Structure formats: C-alpha cells, structure tokens
Amino acid sequence: MVMFLQYLGMFSCSRSRRLEGFGSFDTLFSPVRSMVSEDEEDELFPDHEKDFGDDLILEWAKENKNDLLQIICGYHAMPLPQRGNGIVFQPLDHLQAIEYKRPPASDLGFCNNYLASFEAAKVNAKLAAAEEALALSIWTTATVCRVLSLENVLTLVAGVLLEKQVVVVCPNLGVLSAVVLSLVPMIRPFQWQSLLLPILPRQMLDFLDAPVPFIVGIQHRPADLKIKPSNLVHVNVLKNQVKMCHLPALPRYKELVSELRPLHGRLSLESSVAKRHPVYRCNEVQAEAATRFLSVMRRYLESLCSDLRSYTITSVQSNNDRVSLLLKDSFVDSFNSRDRSFIKHFVDTQLFAVLSDSCLSSFEHGSF
C-alpha cells in the first residue's frame, strides 16, 4: 500500500496526460511493440514510458472499468506465500474469494538426507518441480482418465517417457490443457526435459516443425501437419484415439494395467458428473481415485530405477572425491527379455539421464 501511494504521488501530475496519450486498451497493449526494432521502439516509447508499472496499469483498468485487467494485475501483485502458509485472492468485491494453501516441504516426498546431498539451488529446483506436480496432480489426472481409455493413457505415457513428439488435439481448452498438464505428475519421479506447451496458438503452428521432443496441445489439427511418423504420438481426445509411431510396450505392462484398471474405471464412471463442473473441480471420489492412480504410477516408475546401485561403479579420486558410473548395458540386461526393448531406448533419454545422475550423486555422498 505504501509503495502504491508513493507511486501515485510520483505520477499524479502526468498520469492523465500519459494515459490519454495511449488512448484505449488496444493501443496501450498494441502488437506494434513486438513488430518494431529496438531503435524504433526507443523513439516510439521513451524510457519513462516503456515500463508502465503494475500500479499505473491497474489504475487505468479501474478508471476504464476493465475487470479482466484488474484481475490480472491483482494476481500479478500477489506475494508468494512461504511453504505451509496460505493466501486469499479476491481482486474484485463481487467475485468469490479463492483460498490457496501452499504445501509444506514435508508433503513433497523428499527426505532430509537426500536433499542434503545437493546444493541449495538444486534443492530449490527439486522442491519447485515437486510442488508443481502436486498442484497439477488431482484435477489433471481425473480429467485424462475421464476422456481417454486406460490403454491410451499408458500409450501416451510411453511416448512421453521415450521423448517422442506428442501432439494433443481437443477443441475444449480446459480439457486440452488438463490432458497435457497431466503428464507432469503422471511421470514422476521423472521430469520432462524439453518443451511443453499446454495450448499452442494457431499463429505458432510452425513450431511443430521443431526437430526436438515436445508435448503440445492444439485445438484443431492442421491439414498440412508435417511431423515425421517415426517420432509422432497424435492424441485425438474427442475420438479417444492415440495414433503413434511404433512404441515398445511399457515394462510389466499387463501387471500395471491390472492394478490401474479399477482406479481408471472409477474415474471414468464420474464422467457425467464431471461434465457439469469445471475441469479443475473434483469431488471426493475423483480425488481419492486420482491420488491412488498416481501412487500406483509413481511406485511403478520408481521400480524401473530401484536397482540402479547394483549396476553402478564408484571410483575414489586422489582428493577423495567419488565418481560414479552407471553400466547401462548391464542395467538393460537385468530386465526381462520382453521389456528390454523399452528400457534400451529409455536409458538414452534426457529424462532418465537427469534422474540417474541425481541418484549417482546421492550414491557418491552416501545419502541414497
């Protein structure tokens, strides 16, 4: 509040002239700013007018009764609460307040000994990734299980774990973003290392030509979509279809399906109920089933790397530093013959490399 009053005092004389000069909302945020060069922008927008500041924009929004912009400014100004604390967000009096409690670090699934083996920056990164996955976990999982069969969900997961190019198509923006974002908690403890865009704007469809792994959501499939079939996993949500390149089956696929089937079935039965509410709202039945579904997936994916230490060699350097190396071939051979095709490709992905390097670092510090 003090900063806001100071800001108003600084601009009290020039506020009206500056806002009138920019005119409407359209000119205030005109795309011309992204179309001109830096030199031209300097001429169009002097330094004191380039950075409008949240307070000035909020003031403009209030004067012009622009509720949407007021909500955005209010959200942008909210402080991030400490872990374990909460906030209440109510940007406009006539809107229902939104309460949010940030989970404590103890809810994020890390033991203190494990985190102690990393630098502060890496610890914060790990906690942030876990917090993101937790925030997305329930409503996204409930949605993806409602709109895709279990077999299609697991095919989608396999494509993501092997870092293919995944394109999800659905005209409903809420469902589209939920399906894409569901993959963040679904593949824990692994983390997607490449590009993830829940909604790709129509003007950016050329991005699909990028020669890198990605997960993107689009509302409609363009007729001239050109992606190499060898890397493509195409998900049509409305038709409950997953068209894919040749993908080896997940290890122990039948056992995983038998364990997930009842939980997926419970979420599918909630489809008629869920359609009457926004995708982010789940009842107790959905929340409980989604939580158990993710627990099974997490336990399954952790089991794929649970025996890494048995295939790791560690050497002690002259300065007593430990260096660990994973024997990939031996690790792959430890799996059943029918599962090796998947694991052979999986150990060459960035997802696996990041997690295995983290585990090796823990081995070196004796904290795993």
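Residues numbered from 1 in each chain as written. Predicted model: local features only at pLDDT ≥ 70, side-chain atom pairs only at ≥ 80, totals over all residues. Heavy atoms only, no water.

Caption draft 1: Seen up close, the confidence of the model for the protein chain. Mean pLDDT over the protein chain works out to 81, with 77% of the residues at or above the 70 mark. Note on residues 1-38: pLDDT is under 50 here. Beyond four places in sequence and across chains, it has 37 contacts. (pLDDT = per-residue confidence, 0-100. Contact = heavy atoms within 4.5 Å.)

Caption draft 2: Region of interest: the nonpolar core. Within the largest apolar cluster, 69 residues are counted, with the highest numbers of intra-cluster contacts made by L161, F293 and M297. Filtering out sequence-adjacent residues up to four positions away, M297 remains in contact with L154, V157, M186, L256 and L260. By size, the runner-up hydrophobic cluster in this structure holds eight residues, among which are V169, L208, F214 and I218. (Core = buried A, V, L, I, M, F, W, Y, C linked by side-chain atoms within 4.5 Å. Buried < 20%, exposed > 50% of the residue type's maximum accessible area, 1.4 Å probe, protein only.)

Caption draft 3: Local environment of the packing of aromatic side chains. Under the criterion given, the structure shown has eight aromatic pairs. A centroid spacing of 5.7 Å and a plane angle of 45 degrees characterise the contact between F207 and F214, whose relative ring orientation is tilted. For the pair F331 and F335, a centre-to-centre distance of 5.3 Å together with 85 degrees between the ring planes defines the contact as edge-to-face. By relative accessible area, F331 is classed as buried at 2%. (Phe/Tyr/Trp six-rings, centres within 6.5 Å; stacked < 30°, edge-to-face > 60°.)

Caption draft 4: Representation of the state of the cysteines within the structure. Inspection of every chain in the model, using the stated rule, returns zero disulfides. In this model C359 remains outside any disulfide bridge; the closest cysteine sulfur is found in C305, 6.5 Å from its own. (Disulfide = S-S within 2.5 Å.)

Caption draft 5: The pairing of strand β6 (residues 232-236), seen in detail. Counting buried residues in β6 gives five out of five residues, a clear majority hidden from the surface. Residues L232, H234 and N236 line one face of β6 and the alternating positions V233 and V235 line the opposite face, and both faces are buried. Sheet topology places strand β3 (residues 165-169) next to β6; five bridges connect them, and they run parallel. Along β6, the bridge assignment pairs V167 with H234. Looking at chain direction, β6 and strand β7 (residues 241-244) are connected through four bridges and run antiparallel. If you follow V235 over to β7, its bridge partner there is V242. (Helix = DSSP H or I, 4+ residues; strand = E, 2+ residues; numbered from the N terminus. Pairing = 2+ DSSP bridges.)

Caption draft 6: Highlighting the sheet that holds strand β4 (residues 195-197). Across the sheet, five strands lie side by side as β4-β5-β3-β6-β7; this open sheet has mixed pairing. With one partner strand each, in any of the chains shown, β4 and β7 form the two edges of the open sheet. Strand-to-strand twist of the sheet, defined as the mean angle between neighbouring strand axes without regard to direction, takes the value 15 degrees. The strands touched by helix α10 (residues 150-161) within the sheet are β3, β5 (214-218), β6 and β7, with β7 carrying the most contacts at an inclination of about 35 degrees. Lying over the sheet, helix α11 (residues 173-181) contacts β3, β4 and β5, oriented at roughly 170 degrees with respect to β5. (Axes fitted to C-alpha atoms, helices over the stretch in contact; angles between N-to-C directions.)

Caption draft 7: Examining the side chain of N66 more closely. In this fold, N66 is placed in the loop between α6 (54-63) and α7 (67-77). According to the relative accessible area criterion, N66 is buried, its value standing at 19%. A polar side-chain atom of N66 sits 2.9 Å from the main-chain amide nitrogen of L69. (Polar contact = N/O pair within 3.5 Å; in protein donor to acceptor, adjacent residues only side chain to side chain.)

Caption draft 8: Molecular detail of the packing of α10 against helix α15 (residues 284-304). Viewed as axis vectors pointing N to C, α10 and α15 meet at an angle of 40 degrees, and their least axial separation amounts to 14 Å. Comparing their axes, α15 and α10 come out oblique. Crossing hand, α10 versus α15: right-handed. Across the interface between the two elements, L150, V153, L154, V157 and L161 from α10 touch F293, M297 and L301 from α15. (Parallel < 35°, antiparallel > 145°, perpendicular 65-115°, else oblique. Left-handed = near helix turned anticlockwise from the far one by under 90°.)

Caption draft 9: The arrangement of the packing of α6 against α7 in detail. One way to put it is that α6 packs onto α7 with a least axis distance of 9 Å and a crossing angle of 155 degrees. Classified by the interaxial angle, the pair formed by α6 and α7 is roughly antiparallel. Pair α6 / α7 crosses with left-handed handedness. On α7, the residues that touch D54, I57, L58, W60, A61 and K62 of α6 are L69, Q70, C73 and H76. Grouping the amino acids of the contact of α6 with α7 by side-chain chemistry returns six nonpolar, two polar and two charged. (Nonpolar A, V, L, I, M, F, W, Y, C, P; charged D, E, K, R; others polar.)

Caption draft 10: Fine view of the pattern of salt bridges. Summed over the entire model, instances satisfying the criterion amount to eight salt bridges. Here R261 and E151 are joined by a salt bridge, their closest N and O atoms 2.6 Å apart. Of this pair, R261 sits in helix α13 (residues 253-269) while E151 sits in helix α10, placing them 110 residues apart in sequence. Note that E288 and R266 form a salt bridge whose closest N and O atoms lie 2.6 Å from each other. Highlighted residues: E288 in helix α15 and R266 in helix α13, separated in sequence by 22 residues. (Salt bridge = Lys/Arg side-chain N within 4 Å of Asp/Glu carboxyl O.)

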